[in-house]
Amino acid sequence: MPIRQLAPDVAAKIAAGEVVERPASVVKELIENSIDAGSTQIRVDLMHGGLQLIRVTDNGCGITADELPLALSRHATSKVASIDDLENIRSLGFRGEALASIAAVADVSLQSRPRDAEHGAQIQAQNGRISEVTPAAVAVGTTITVRNLFSAVPARLKFLKSRNTEVSHCLHLLEQYALAYPEIRFMVFSENRQVFATPGDGKLFSVLVEVYGLQIAQQMVPVDGDDEHDDDTDYPLVQGYTSRPSCYKSTRQHISFFVNRRWVMSRVLTAAVENAYHSLLLAGRHPLAVMNIQIDPALLDVNVHPAKTEIRFLKERRVYASILRAVRKALLADPQLPQWQPKS
Ligand code: ADP
Ligand code: MG
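This structure is a prediction, so every number in the text was calculated from the model and none was measured.

It is worth spelling out the overall build of the protein chain at this point. Secondary structure assignment for the protein chain yields 11 helices and 16 strands. Taken over C-alpha atoms, the radius of gyration comes to 22 Å for the protein chain, in line with the 20 Å a tight globule of 344 residues would show. Taking the principal axes of its C-alpha atoms as reference, the protein chain extends roughly 75 × 50 × 45 Å. Within the protein chain, the fraction of its 344 residues that count as buried is 40%. A sequence separation of at least 24 residues applies to 67% of the contacts in the protein chain between residues at least 6 apart.

Structure follows, in structure tokens:
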């Protein structure tokens, strides 16, 4: 084939694939935008595993009517202005790609009203075409509705799993964000039925109760630093909850990490938690844990992979050691320890 310039809509769909892999990736981007907007309440609605509809409603800062078209354009962001800003990212988003990518592979409707605006406004993107901005009678905050995801990208649709699999990916992700942001009230609905809701009272324990149930939550012990390096900024501060050895799961799926409040997945960090249990857990049994890791941003690189939950630490062994020590300390401090110590 000769070399040809791709038509803009084809190029946009290909680029979108980097960000939008499945319904859960859309949910992730929308939730992160709501968090960045300072929301204290976020409602998520899913229909047919998100393929038919994903709607996120927040009470955040909103978008002004004249900025609505920009929100849907590629490389348009309110979060980064210069290359130097990248060194000091405080927001979850910064690439200005998510909404444009989603609009390339789905129908998007965006309604918003900033806190000080008298009226709201709306805009739609359908088949890659962006509509005029029109007035909308809406509450303060933003509602984004994503319909017919991938209906124009059959190749992508084919790769998706069953509706149930897509729902569980979305829910797992939403649980992670609820755990990371206990001060935000999350309300999650699938097929018009409430799946879970968190109180938004700022307590991680309250979210644990909603996500894992009271019985399991009561079997988790608080983790609060490792004493040895708590005042040393070269080491992270590790806080959260971890399960008693008598309470376990058959997979590692319930071990969550948030680094400076960003959800990350890491084999090394998972191994640190598990190794802290040493002989306390039999093979094939895995703890539940929620680890909030605070670390000097200069010691990590968040710009590793677009939309992926990977992270690179400059001193990974130290992070490993801090987690291991913090979890160990929490387990040893539990008054119930003697009950589950192996008898020798
Ligand atoms: P990024 O998050 O990387 O800036 P996005 O494409 O996700 O890029 O969003 C583009 C812009 O739209 C954001 O920078 C923000 O200004 C605005 N925006 C998106 N979602 C919301 C929201 N829920 N509330 C307020 N502003 C939003
Ligand atoms: Mg974003």
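The next thing to look at is the environment of Met-47. Along the chain, the position of Met-47 falls in strand 1 (residues 41-47). Its 16 C-beta neighbours within 10 Å are what place Met-47 among the partly exposed residues. It is 34 Å that separates the C-alpha atoms of Met-47 and Leu-269, two residues lying 222 residues apart in sequence. Discounting residues that sit within four places of it in the chain, Met-47 has contacts with Gln-52, Leu-53 and Glu-191.

Another point: the nonpolar core. Val-27, Ile-102, Leu-208, Val-273, Met-291, Ile-323 and Val-327 are the most contacted members of the largest nonpolar core, which totals 84 residues. Each of domain 1 (8-197) and domain 2 (219-340) contributes no fewer than three residues to this core. Residues in contact with Leu-208, not counting those within four places in the same chain, are Ala-217, Met-220, Tyr-241 and Val-290.

Packing of helix 9 (residues 267-277) against helix 10 (residues 316-333) brings their axes to within 8 Å, and their N-to-C directions diverge by 30°. On the basis of their axis angle, the class for helix 9 and helix 10 is roughly parallel. The way helix 9 lies across helix 10 gives a crossing that is right-handed. The segment helix 9 lies against helix 10, with Val-268, Leu-269, Ala-272, Val-273, Asn-275 and Ala-276 engaging Glu-316, Val-319, Tyr-320, Ile-323, Leu-324, Val-327, Arg-328 and Leu-331. Taken together, the residues of the contact of helix 9 with helix 10 break down into 11 nonpolar, one polar and two charged.

This part is about the site of ligand 1. Around ligand 1 there are 23 residues in total, and Asn-33, Ala-37, Thr-77, Gly-93 and Ala-98 lie nearest to it. Along the lines of polarity and charge, the residues of the shell around ligand 1 split into nine nonpolar, nine polar and five charged.

With that settled, the discussion passes to the environment of Tyr-320. The residue Tyr-320 is located in helix 10 in this model. It is 40 Å that separates the C-alpha atoms of Tyr-320 and Met-47, two residues lying 273 residues apart in sequence. Once residues within four sequence positions are removed from consideration, Tyr-320 is found in contact with Val-268, Leu-269 and Ala-272.

Right, let's talk about the domain arrangement of the protein chain for a bit. The accessible area lost on association of the parts is a frequent measure of interface size. You can read the domains of the protein chain as domain 1 (8-197) and domain 2 (219-340). Summarising the inter-unit geometry, the C-alpha centres of domain 1 and domain 2 are found 30 Å apart.

Now for the packing of helix 6 (residues 163-180) against helix 7 (residues 204-212). What describes two packed helices is the angle between their axes and the distance between those same axes. Running from amino to carboxyl end, helix 6 crosses helix 7 at an angle of 160°, the nearest separation of the two axes being 8 Å. Comparing their axes, helix 7 and helix 6 come out roughly antiparallel. Each of Glu-175, Ala-178 and Leu-179 in helix 6 lies in contact with helix 7, whose residues at this interface are Leu-204, Val-207 and Val-211. The residue inventory of the contact of helix 6 with helix 7, partitioned by class, reads five nonpolar, no polar and one charged.

When glycine is set aside, most residues are seen to have a negative phi, and most peptide bonds are trans. One non-glycine residue, His-48, adopts positive backbone phi at about 50°. By C-beta crowding, His-48 is classed as partly exposed, having 15 other C-beta atoms within 10 Å. Although it is not a glycine, Asn-192 adopts a positive phi angle of roughly 70°. Here Asn-192 is to be found in the loop between strand 8 (185-190) and strand 9 (193-197).

Here we take up helix 7. All of the buried residues along helix 7 are Leu-204, Val-207, Leu-208, Val-211 and Tyr-212. Projected down its long axis, helix 7 carries its buried residues within an arc of 105°, all on one side. Looking at the buried side of helix 7, the elements it contacts are helix 6, strand 9, helix 8 (214-217), strand 10 (220-224), strand 11 (237-243) and strand 14 (289-294).

Scoring rules and cut-offs
Residues numbered from 1 in each chain as written. Chains lettered and ligands numbered in written order. Predicted model: local features only at pLDDT ≥ 70, side-chain atom pairs only at ≥ 80, totals over all residues. Helix = DSSP H or I, 4+ residues; strand = E, 2+ residues; numbered from the N terminus. Rg over C-alpha atoms; globule rule 2.2 N^0.38 Å. Buried ≥ 20, exposed ≤ 12 C-beta atoms within 10 Å, placed from the backbone. Contact = placed C-beta atoms within 7 Å. Core = buried A, V, L, I, M, F, W, Y, C linked by C-beta atoms within 7 Å. Domains from an automatic or database assignment. Axes fitted to C-alpha atoms, helices over the stretch in contact; angles between N-to-C directions. Parallel < 35°, antiparallel > 145°, perpendicular 65-115°, else oblique. Left-handed = near helix turned anticlockwise from the far one by under 90°. Nonpolar A, V, L, I, M, F, W, Y, C, P; charged D, E, K, R; others polar. Near = placed C-beta within 6 Å. Arc of directions from axis to C-beta.

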